[in-house]
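Listed here are the chains, written in short residue letters.
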Amino acid sequence: MNTSAPFPVIKPVVGSPPVLLPLFGNQVPAGFPSPADDYLERRLSLDEHLVPNKNSTFLVRARGNSMVGAGIFDGDLMVVDKGLNAQPGDIVVAVVDGEFTVKYLSLLNGVFCLKPANPRFQTIEFKEGQELEIWGVVTSTIKQFRR
Amino acid sequence: MPIALVDCNNFYVSCERVFNPKLEGKPVVVLSNNDGCAVARSNEVKALGVKMGEPWFKMEKLAKQHGIIALSSNYTLYGDMSARVMSILSEFSDQQEVYSVDECFLGLNGFAPEDLVEHGQKILRAVRKQTGIPVCVGIADTKTLSKLANHCAKKGFAGSDGVCDFGRLSEVQLSKLFSSIPVGEIWGVGRQIGSKLAVMGIETVEALRRADPEYIRQQFSVVVERTVKELNGIPCIELEEAGTPRQQIMVSRSFGQPVTTIEDLSESVAYFATTAATKLRKDGSVASSLCVFVRTNPFKEKEAQYQRSVVVPLSQPSADTAKIVSAALAGLKQVFRAGFRYKKSGVLLLGLQGKDTVQADLFDQPMDQAKSEARMKIMDQINQKMGKGAITIAATGVKQRWAMRRERKSPNYTSDWHELLEVD
């Protein structure tokens, strides 16, 4: 028997780790690509529109009637951004004596106060030493008329 | 390269306080699954001497005396808040290693040494402002030192305002500071190594820093030698950046009440397998085998004890819930013995790899694979939309008698439409 092969013999390497290759098992459809593909743009996203800052945005449910003048009704969904710096005129979620409240942030004689948007409610004023914590700024509300 | 370790203060308690400001300034403790032990303590609770892991029944008297507020753990909420914090932190460095749910390392390349503290302050303010979660920042040349710097920042030992940069301290100041910190505070020095070091007369951080690395390696291991080098500012532990896929996925829980039948155990195992498979698909991986385990309650010494686990190989690496659940249930049948009161079960997925690198099986049709993937995609989408468990394998059960006891859990403020924060 001839021991020397007339061509190089490639032997399998024993003990080497297997090389894993992807297997393309999917069928590839043939045909003309749609001409509309060139004009595809991303569909509008409500999420991106209402929530530019995902990390700092929280959804909060409005309760009561103190902000009806601003169009915020009981049960409305409020989009609240904790990351924004509140300015006078903003609608804010604030913490007063450990309780949450949603009101207009306002300046009265150079002092911050919280103003409702309903004449039946009183403005919350702060005395010396009392603390007003702004939890977040309400950037929009979502009202659903039908689900 | 300087490394920052950013760590959330009393993370679980802080998460609860974001949505419940009344808890501010009050002693608050978060209890583990089944309302067992303290897993997070507010500073007020720490001051009362309550230790980490202390069982609730042991502190109930103290709680009554001081009005300690106990909450069940709300891991859904903590998970979301953690994701927000980590995402904000990722904006401060392109080298981020998320080390745990509430801490991460950041590589701080390209900053002038004198600007590091200010950068740390920026990080701290951004997280606090955007999420309401307070954090501390430790900055140093190695991971071990930055952990230590964070400890100092938390305790207010060096610098104030929650940021501590060891680079700002002179050698004399460092030496003095390290002499005041017990060796057990060092990352990687556990109780066992700590007590052995103490016997050798090495009781402080400074003493270990001054120890001969060679000698330490002989007495302990390369790991502890590395710690000594890291304490001396020689980086030995690299940043492990995101993108390293998990090597294994474990889902297990203790039961709310002991479980005795294979039916109830099967439900739990199927449920854990389902959760694990979802995580697997999220990573874009497949598993090649899994391990199922069951055990009784080792703390009930009077009861008969039993624990067993088994590894079940999958015929083909898969992320298909149906395949993983049936393999897990087959494993459970092997390990189950009647006559025991089971306390815990779990499923561990092993041999994970990217789903695109799987070799085809002779008997598995590629089309089956595609169909399975499509099926799982739809299942994940529905569950994401309608809430976890909206669609599931029937084997996970409907009653779930084994479910956890969580009597004082806060609402899922950020993940459930019906549990949003309400403000008037």
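Residues numbered from 1 in each chain as written. Chains lettered and ligands numbered in written order. Predicted model: local features only at pLDDT ≥ 70, side-chain atom pairs only at ≥ 80, totals over all residues. Heavy atoms only, no water.

K.L.:
Tell me about helix 6 (residues 143-155) of chain B, and name the residues and values.
P.N.:
Residues and elements named next belong to chain B. Between the first and last C-alpha of helix 6 there are 19 Å, a value that for 13 residues agrees with the 18 Å anticipated at 1.5 Å per step. Counting buried positions along helix 6 gives 11 out of 13 residues, so the element sits mostly inside the fold. Residues of helix 6 that are buried: Lys143, Thr144, Leu145, Ser146, Lys147, Leu148, Ala149, Asn150, His151, Cys152 and Ala153. Two residues or fewer past helix 6, Gly156 is found with a positive phi of approximately 70 degrees. (Helix = DSSP H or I, 4+ residues; strand = E, 2+ residues; numbered from the N terminus. Expected span 1.5 Å × (residues − 1). Buried < 20%, exposed > 50% of the residue type's maximum accessible area, 1.4 Å probe, protein only.)

K.L.:
Can you tell me about the pattern of salt bridges, naming the residues and giving the values?
P.N.:
All names here are of chain B. Enumeration over the complete set of coordinates arrives at 17 salt bridges over all chains. Asp7 serves as the salt-bridge partner of Lys154, at 2.9 Å between the closest nitrogen and oxygen. Of the two residues, Lys154 sits in helix 6 while Asp7 sits in strand 1 (residues 3-8), which places them 147 residues apart along the sequence. Of the residues examined, Asp7 reaches a relative accessible area of 14% and is grouped as buried. Here Glu103 makes a salt bridge to Lys147, at a shortest N to O gap of 2.9 Å. With Glu103 in strand 6 (residues 103-107) and Lys147 in helix 6, this residue pair connects regions lying 44 residues apart in the sequence. Here Glu103 and Lys147 have matching classes, each one buried. Taken together, the shared-partner salt bridges connect Glu171, Glu206, Arg209 and Arg210 into one network. (Salt bridge = Lys/Arg side-chain N within 4 Å of Asp/Glu carboxyl O.)

K.L.:
Report on the packing of helix 4 (residues 75-90) of chain B against helix 5 (residues 116-131) of chain B, specifying residues and quantitative values.
P.N.:
All names here are of chain B. The interhelical angle for the contact between helix 4 and helix 5, taken along N-to-C directions, is 140 degrees, at an axis separation of 10 Å. Helix 5 is crossed by helix 4, and the crossing has right-handed handedness. For the pair helix 4 and helix 5, contact is made by Met81, Arg84, Val85, Ile88 and Leu89 and by Ile123, Ala126, Val127, Gln130 and Thr131, respectively. Across the contact of helix 4 with helix 5, the residue classes break down as seven nonpolar, two polar and one charged. (Axes fitted to C-alpha atoms, helices over the stretch in contact; angles between N-to-C directions. Left-handed = near helix turned anticlockwise from the far one by under 90°. Contact = heavy atoms within 4.5 Å. Nonpolar A, V, L, I, M, F, W, Y, C, P; charged D, E, K, R; others polar.)

K.L.:
Hey, could you go over the sheet that holds strand 1 (residues 57-62) of chain A for me, with residue numbers and the actual values?
P.N.:
One open sheet accounts for seven strands, arranged 5(A)-4(A)-3(A)-6(A)-2(A)-1(A)-14(B); its pairing is mixed. Two strands lie at the open edges of the sheet, namely strand 5 (111-115) of chain A together with strand 14 (421-423) of chain B, each paired on one side alone. Pairs of neighbouring strands in the sheet enclose a mean axial angle of 50 degrees, with direction left out of account. Bridge count for strand 4 (residues 99-108) of chain A against strand 5 of chain A is five bridges, and the pairing is antiparallel. Looking at the pairing, Ser106(A) lines up with Cys113(A) of strand 5 of chain A. (Pairing = 2+ DSSP bridges.)

K.L.:
Can you tell me about the sheet that holds strand 7 (residues 135-140) of chain B, naming the residues and giving the values?
P.N.:
Two modes of strand pairing occur in sheets, parallel and antiparallel, and in both the strands are linked by backbone hydrogen bonds. Residue and element names in this part refer to chain B. Pairing in this open sheet of five strands is mixed, and the strands run 5-6-1-7-8 from one edge to the other. The two strands at the open ends of the sheet, each matched to only one other strand, are strand 5 (96-100) and strand 8 (163-165). When strand polarity is set aside, the average angle formed by the axes of neighbouring strands in this sheet is 15 degrees. Strands in contact with helix 5 are strand 1, strand 6, strand 7 and strand 8; relative to strand 7, the strand with the most contacts, it is inclined by about 155 degrees.

K.L.:
An account of the nonpolar core is needed here, citing residue identities and associated values.
P.N.:
Most often, soluble globular proteins have nonpolar side chains that are buried together. The biggest cluster of nonpolar side chains holds 53 residues, and the ones touching the most others in it are Met78(A), Trp135(A), Phe19(B), Met81(B), Leu89(B), Leu106(B) and Ile133(B). When residues of this core are assigned to their parent elements, the largest contribution, seven residues, is made by helix 4 of chain B. Leu89(B) has contacts with Val6(B), Gln96(B), Cys104(B), Leu106(B), Ile123(B) and Val127(B), leaving out every residue within four places of it along the chain. Membership of the second largest hydrophobic core comes to 34 residues, among which are Val269(B), Val310(B), Phe340(B) and Val347(B). (Core = buried A, V, L, I, M, F, W, Y, C linked by side-chain atoms within 4.5 Å.)

K.L.:
Which residues make up empty space enclosed by the protein, and what values go with them?
P.N.:
Residue and element names in this part refer to chain A. Overall, the coordinates contain one cavity of 30 Å³ or more when judged by the stated rule. Here the largest cavity defines a volume of roughly 40 Å³. Taken together, Ala62, Arg63, Gly64, Asn65, Ser66, Met67, Ile72, Phe73, Asp74 and Val102 make up the lining of the largest cavity. Residue composition of the lining of the largest cavity, grouped by class: five nonpolar, three polar and two charged. (1 Å grid on protein atoms, 1.4 Å probe; cavity = no way out; pocket = protein on both sides within 12 Å on 5 of 7 lines; lining within 4 Å. Points joined across faces, edges and corners; volume = space filled by probe spheres on them.)

The analysis is restricted to geometry; functional conclusions fall outside its scope.
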